[in-house]
Structure formats: structure tokens, C-alpha cells
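Structural description and commentary
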Amino acid sequence: MSDTSSPESTRLLAAELIEKRYSRGLRSLLLMLLAGLPLVMLLSLAQGTGPVQLTVVGAALTLTGLGYWLLHKGHYQWTSHLLVFSLIGMSSAGIVAYGSTRSALLLGFVGAVVAAGMIQGKRSLWVAVSLSSLSLGLLCWAELSGLLTTPDFKVNLRFWAVNVLLLTGIAVSVYSSRQVVLGALREQHAELKRREEAEDLLRLSEDRFSRIFRNSPAAIIVQALEDKTVLDVNPAFERMYGYTREEIIGGTDAPLWGDPAERKAVQRQMAAAGRAVNLPVEARTKDGRQLHVLLSTEIEGMGHGRIVVSTITDATAEHQARQAARQSAELFSKAFDSSPIDMAITRVSDGTYLALNAVEGRLNGYKASELVGRTSVEARVWQDEAERQKFIETMRTHGRVEGLETKIRHKNGSLVDCRMWAVIVDIGGEPCVLSSAVNITDEKRREALLIDMARGLSAETGAAFFRLVVQHLGHAIAADMVTVGETGPDGSVTSLAVLRDGVHQPNITYSLAGTPCDLALENDDVCIYGDGIQELFPQDTFLVDGDFHAYAGVALRDADGSTIGIVNAFWRQPQAASTDRNALMKIFSSRITAELVRLRRDREIQRLHDTLEQRVNERTDQLRATNAELESFGYSVSHDLQSPLRSIEGFSVLLARRLKGRLNVEEERLFERVRINVVRMHELINDLLALARASKGKLELEQVDLSALAEQVVAQLRQREPARQVKVEIQSGLNVRCDSKFARIILENLLGNAWKYSRNTVDATIQFGALPTREGGRRMLFVRDNGAGFDMA
């Protein structure tokens, strides 16, 4: 808090208050004299007093009137001085007129001294005392010297009136002084009380300030104004800057500034205005970090003890946020203005255009300046109200529009196909629509062209297809000539369709050497020569004869990557690069490839069909020869192989009988093994004969119960070896359509193998049934046993 009153002003104010109080007493005294002196004048006239005394009374009355007039005019000092020195002068004159100092007029000197001491300063008091003493001294000397008139010591009414008047004047002066003193004492007491209250309030304010200072979340620093010495900082300052209170107190604030020039600028502003509010400045912490802060500072106090109180708020986050927002706005502005896509910002409430980017060739044909401030309804940019309502409803429902295909009305009244994207954004607190649109007229035209082509080509195949496809391709890419050809093994191409100047031409066969088609076949992409093709391929006379200057070709490849054909396009005028044309060439070539592959497959099928009878006859002859060989093999097995086996079996049995009793165990075991292997060989020969007979037999399909057939085979096996205990599980209800003879042979072999190779297994089990799932639509049967098995590898 700063003190707004100086000691000098306080002293003047107190003096003014005292003058006002004494002026009231002085006015009372003057009124009393103005009332009493005329009475004394009348008594003096009635008693025949001398002229000198009358003159003195008259002069006193005149001076009293003059003093009252001066007091009325506000000249307190003049009036008080006039009163003091008039009392001294009139008292001296009265003593001279009376003739002796031993009179009541001495009270006039007393009143003058009292008045000077009470209503004037110390100097006036000493002057009044000195002047009174000098006057009395002179009067006493004059009386001793006999210079004064003979006094009249008679007591009369005038004497009484004069003394009463003097006493009353002194009493009034003393009373007024007492009231002034009492009033001053009361005011001093009140002032002391006020000062105590003020001190209490000051202590309370200081305590509150201290708590606020210490607990404030904002950094606060207190400095001396003259040398900027740091006097105090709060804890928030310590946290923000990293300095402790002891480290910063006594130093200056220079290390706290990020830019010394900013410090000098703030000091100049403080010198001029005495305060600063929320100045954005750069600050530096103890560890060197830069902070963006808001500085509010003010000068407090008076004189040499003035201080500077500064409040510092860390605005780094806000600064970074504002900077990020500014950068984002700048990026958006640059992206918006430089975008090649047609972009606009409109108000949601009424559709007014607020901004449009400077794109070349705007969809609706308007310039940005022609649309800003107008609504979309006024500009009639929508095809109709239904399209506009569709857009608005989509925005209201989803808050955005993505890839909406619609039509925009051009400035000339035509409709333009476009695809729109839009999203609601907030600009200045008002919802707006940021929209972008691209012209898809060419895309729609290509789609229509492809649809028309697909419809035209879908019903055609073969030669008709190729004649139709060159017609559509020539129209799509505006070529003067289009050909579709099939490559041959000798490096030539035979055309399947030729279109020149819109007219179909006879098919031709030409060599690839020295032509652009040869290079096109080596290229996986579209081969393009936009100009100068005659100079590049001077050997190709076809180009010169047709006056062709530009060429495009695409190789046709089979699934394995082998080349099967080519699509060619020729132009008499140079052609600029075009992605649309290349895309169309690829689309058409893909469809042509599929048809050419189909055509080549049909040719292969026809060739196979034409040679089918010959191949069937050849296969029949091969089967007959094989059957003959099988019959010969069966004869050899039945006669040539079985006769030696019978001899071996007979002689082994004969030897076993003759040598019975003379063979040891090992020799008997060897004879048994010979007999078993002979039996096994008989079984193999019988199986081979059965297979030979089966291959010569005719299949007779009928409904067969395989479950019952398997039961019969198992019964035969049990009869051969009645001592064996084998658990057999046969699934019931296996009715299939098959040849019963072959089915029995299969079951005898499979079940017989399972029976044989489970012989050494405890609790042998054999199962026959059908799998729960089918393979290739066929029912799968199985024979399973827990016997020895075999290595699957």
C-alpha cells in the first residue's frame, strides 16, 4: 500500500483545524468587545470623562470592528495579530490617559499575552511578552518621572464596567483556549484510536498479504525500485524458475530474462506508466529452459523506499497451444488455397458461401468472388432440391459425407458429374461445412463406355467377338486402326480382326521382325510410341503406307506367361501420354486374352475330338494284346509252375515218411517249412489264376449285401482253424451295387490276410465296415485288424 499524504500536508491540515477552532473563540471575544465597548463609551460620556479616554475607547471600538470584519473575511492571522497588538496598544493608551499603571488596564497586557500564546505561535508569544514588558517599563518610568497626568483613583460605574469587560474578555479567551485544548485532546485520542485500528488493519492486511504471497499459485517477486535488487520471492516463483529463495534474494532479476532487450523495454514502460499488465515476455529458468510468461508489475510505496511487485504466470502451455493452433490454421489455409480439388466453406444455417479456394476450372464454372456471400440456392448449384435435401439429411445424420456421387449445375446451365466429401467444422463458434468435390465426368463416360462394351461383347464369341472388340476399342481410344492378332511359332502374327478408319479389313499375316509389335511382345506393360514411329522402324513399310505416326501395343499372354497374341493401335497424328488410354488398352486386352485362350482351347478340344476314334481303336488293340498275354501267363502258371511244385511236395512227403523217427527236431522243422512254403506257393498261383480269370470276365452289377458276404468268408476261415479265438466285428446293413464274384474275391483276400497276420496276437480283433465320411462322393469301406501290420513308409 502507498502512503498518499505527506508530513507537510498533515501539519498544514492540523493548523487549519486549530485555526477553525480558535476562530470560533476569537469571534466570541470580538462580539463581546463590540457589545461592551459601546457601554463603556456611554458610561464615559455620562460621567464626563475626558476626551483622551473617550478617544481611547473609540479607537478600541474601531479596531474591534476592523478585527471582526477581517475574521469574517477569513483572515484569521491578521485578526489575531490585530487583537494582540491592539490590546497592548489600547492598554498602554488607557494607562497614559488614566495617569497610572496601577489600574485595571494591566489586565489588557495579560489578555494580549494569553491570546498570543493560545491563538498564535511561539514567536508571537515572545513578541507579545517583550512588547508588553517594554510598554509597562516605559509607563512605570513615565509615572515615576511625573510625565503622566494625575490619576483619578475614584471608583465608579465606568471603572467597574471596564474591569468587567477586561475580565470577561480574559475569561472568554481562557474558555475558548480550554475548549480548543479539550477538542484537540479528544481528536488526538480519536486519532490514536484510529491509528491503532489502522495498525490492526495493517497487520491483518500484512498477514493476509503474506498468506496470499506465500500460497499464490502465481510466481511473485518483490524488488527495490532503484537498483532492482530482489527483496523476496514466493514458493511458486521457486517452483517455476528453479531458484531457491536464498539463491535469488539480494541479486538482480537479470538472470531471469530470456531476452535482455525485453527487460530494458519493460523498465522503460515502468518508468513511464508505473505499471504493466499481462506483458508476454520470454523467461529463463535456472536450468536454462525457456518459458513463455505473462508479466504484471506495479510500483508501490513513496520516496526512496518504493518497491516493484511483479506477478508472473507461466503461459508456456497456452503459448504452445496457440502456436500449434496457428500452425494448424496456416497449414489448413495453405492446403485449402493450394489444393487442386474444388473446395468450399459454407454456413450450415443458410448455406452461404464463406470461402472458396483458388482452383482452376471450378466444377460449377464460377469464380470464388462470384459465390462468396451468396447461398447455394441463390447460385442454383444443385441439380434439384431433392439432391440438396439428400446432402443436408446425410450431414445431419452422420455429421459427414463421404464419396457422395451427385450432379452440380454449371454456370452455363449444364450438369456436371462429381463426387463430394464434406464434414462439419467449427469456425468462430458457428458450425460450417467444409466440402470438396472432384469432377468424375470422364470417369462416368469411361464407365458407360465399358458397360456398353460389356453388353455388346457378352453375347459374342469367336470371330464375331474379335470383329466387335476392335470396333469398340477403336472408338474408345479414337484410333485410326486397330488389330488383334495371334502369334505363331514361326515369329509371325495372324490377325483375328482388323479395323481401319472404322471399316473392317481382311485378316492378314505379317512378320514381327522390324516392327513395333516385336518390342510390344517383350514388354509387360503397354508399349507406347507417341510420335516418330516411321523413323524408329524404317523397315516397316506398313507404317509408311498407312501414314501412321503413333503406336500402342499390348501383348496377350496365357496363364503360364507365354505370348499368344497382340493388340495394336495406330494413329496418323502424334498422341500425348494418357493414363486413361493405357487403362482402356489393358482392360480390352484382358478381355481379348480370355477369348483368345478360350478359342485356343476349343481348337485343342476339336483336334482331340477328331482323333478320338483312332485313339480308341489303338487302345482296344493294346488291351487285346494284354489279355492274350495274361491268358498265356495263366496257362504257364497252371501247367509249367504247378507240376514242379507237386513233385517237390510229393518227394518231401515221401522223404518225411521214410526218415520218420530218424530225424532230429531241427530236421523235422526244416521239412515242415518246405511243406508250408509249397502250400503258400500253391495259394499264390491260384490267386494269380483267379486274377487272370477275373480280368477276362464281364462285370455284372447287382445289389449285394456285403455284411452277409463277409459273414460267409469269416465262417470259412473259422472252419479251417476252429481252435482260434478271434473277435470279428462286421457292420450290418452294408448294401452296395457291385459284382458279387469280385466282391467275394476282395473280401477273401483282405479278411484272409487279417486272419493270417493276427495269428500271434492275443485277443485278436478283425473289423469290417464303412467310414462315416465320403471321399469324392464315394462310400469308403475298410478291413481293420490288430495284427502284425506293416511299415507304412
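A short tour of the structure in this document, coming up.

Parameters and conventions
Residues numbered from 1 in each chain as written. Predicted model: local features only at pLDDT ≥ 70, side-chain atom pairs only at ≥ 80, totals over all residues. Heavy atoms only, no water. Phe/Tyr/Trp six-rings, centres within 6.5 Å; stacked < 30°, edge-to-face > 60°. Buried < 20%, exposed > 50% of the residue type's maximum accessible area, 1.4 Å probe, protein only. Helix = DSSP H or I, 4+ residues; strand = E, 2+ residues; numbered from the N terminus. Lys NZ or Arg CZ within 6 Å of the ring centre and 35° of its normal. Expected span 1.5 Å × (residues − 1). Arc of directions from axis to C-beta. Polar contact = N/O pair within 3.5 Å; in protein donor to acceptor, adjacent residues only side chain to side chain. Core = buried A, V, L, I, M, F, W, Y, C linked by side-chain atoms within 4.5 Å. Pairing = 2+ DSSP bridges. Axes fitted to C-alpha atoms, helices over the stretch in contact; angles between N-to-C directions. Contact = heavy atoms within 4.5 Å.

Here we come to the packing of aromatic side chains. Given two aromatic rings, their pairing is described by the distance between the two centres and the angle made by the two planes. According to the stated counting rule, one finds nine aromatic pairs in the structure shown. Here Phe 465 and Phe 466 contribute two aromatic rings whose centre-to-centre distance is 5.3 Å and whose plane-to-plane angle is 75°, an arrangement assigned as edge-to-face. Exposure remark for Phe 465: the relative accessible area of 0% places this residue in the buried category. Relative accessible area serves as the criterion here: at 1%, Phe 466 is assigned to the buried category. Taken together, a centroid distance of 5.3 Å and an interplanar angle of 50° make the contact between Tyr 551 and Phe 570 tilted. Placement of the pair is Tyr 551 in strand E16 (residues 550-557) and Phe 570 in strand E17 (residues 563-571), with a sequence separation of 19 residues. Members of the aromatic cluster, each reached through a chain of ring pairs, are Tyr 529, Phe 537, Phe 542, Phe 548, Tyr 551 and Phe 570. One Lys or Arg, Arg 581, reaches over the ring of Trp 571 and ends 5.7 Å from the middle of that ring. Here the guanidinium or amino end of Arg 724 rests over the ring plane of Trp 755, the centre of that ring lying 4.9 Å away.

Another point: helix H22 (residues 706-720). Two residues of an α-helix separated by three or four positions point the same way, owing to the 3.6 residues in each turn. Compared with the 21 Å implied by 1.5 Å per residue over 15 residues, the 22 Å span of H22 between its first and last C-alpha is a close match. Burial in H22 covers these residues: Leu 706, Ser 707, Leu 709, Ala 710, Val 713, Val 714 and Leu 717. Looking straight down H22, one finds its buried side chains confined to an arc of 160°; they lie on one side. For H22, the capping residue at the N-terminal end is Asp 705, with a side-chain oxygen 3.2 Å from the backbone nitrogen of Ser 707.

The subject of this paragraph is the nonpolar core. Proteins that are soluble and globular tend to have nonpolar side chains buried together. The biggest cluster of nonpolar side chains holds 30 residues, and the ones touching the most others in it are Phe 466, Ile 477, Val 484, Met 585 and Ile 592. Secondary-structure elements contributing two or more residues to this core are helix H15 (462-477), strand E11 (481-487), strand E12 (492-500), E16, E17 and helix H19 (579-610). Among the nonpolar cores identified, the runner-up in size contains 23 residues, and Val 230, Leu 256, Trp 257 and Val 293 belong to it.

Moving on: H19. Over its 32 residues, H19 runs 46 Å from end to end, which matches the ideal 46 Å to within 8%, given 1.5 Å per residue. Along H19, the residues classified as buried are Arg 581, Leu 584, Met 585, Phe 588, Ser 589, Ile 592, Thr 593, Glu 595, Leu 596, Val 597 and Leu 599. The backbone nitrogen of Asp 580 lies 3.5 Å from a side-chain oxygen of the residue at the head of H19, namely Ser 578.

As a further point, take the sheet that holds strand E6 (residues 342-347). The sheet built from five strands is open, its strands ordered E7-E6-E10-E9-E8 with antiparallel pairing. Each end of this open sheet is capped by a strand with a single partner; those strands are strand E7 (353-356) and strand E8 (400-409). Here the strands of the sheet are splayed against their neighbours by 30° on average, with no regard to which way each runs. Bridging between strand E9 (residues 415-427) and strand E10 (residues 430-439) involves 10 bridges; their strand directions are antiparallel. Along E10, the bridge assignment pairs Met 420 with Ala 437. Across the sheet, helix H13 (residues 385-398) lies against E8, E9 and E10, angled at about 170° from E8, the strand it touches most.

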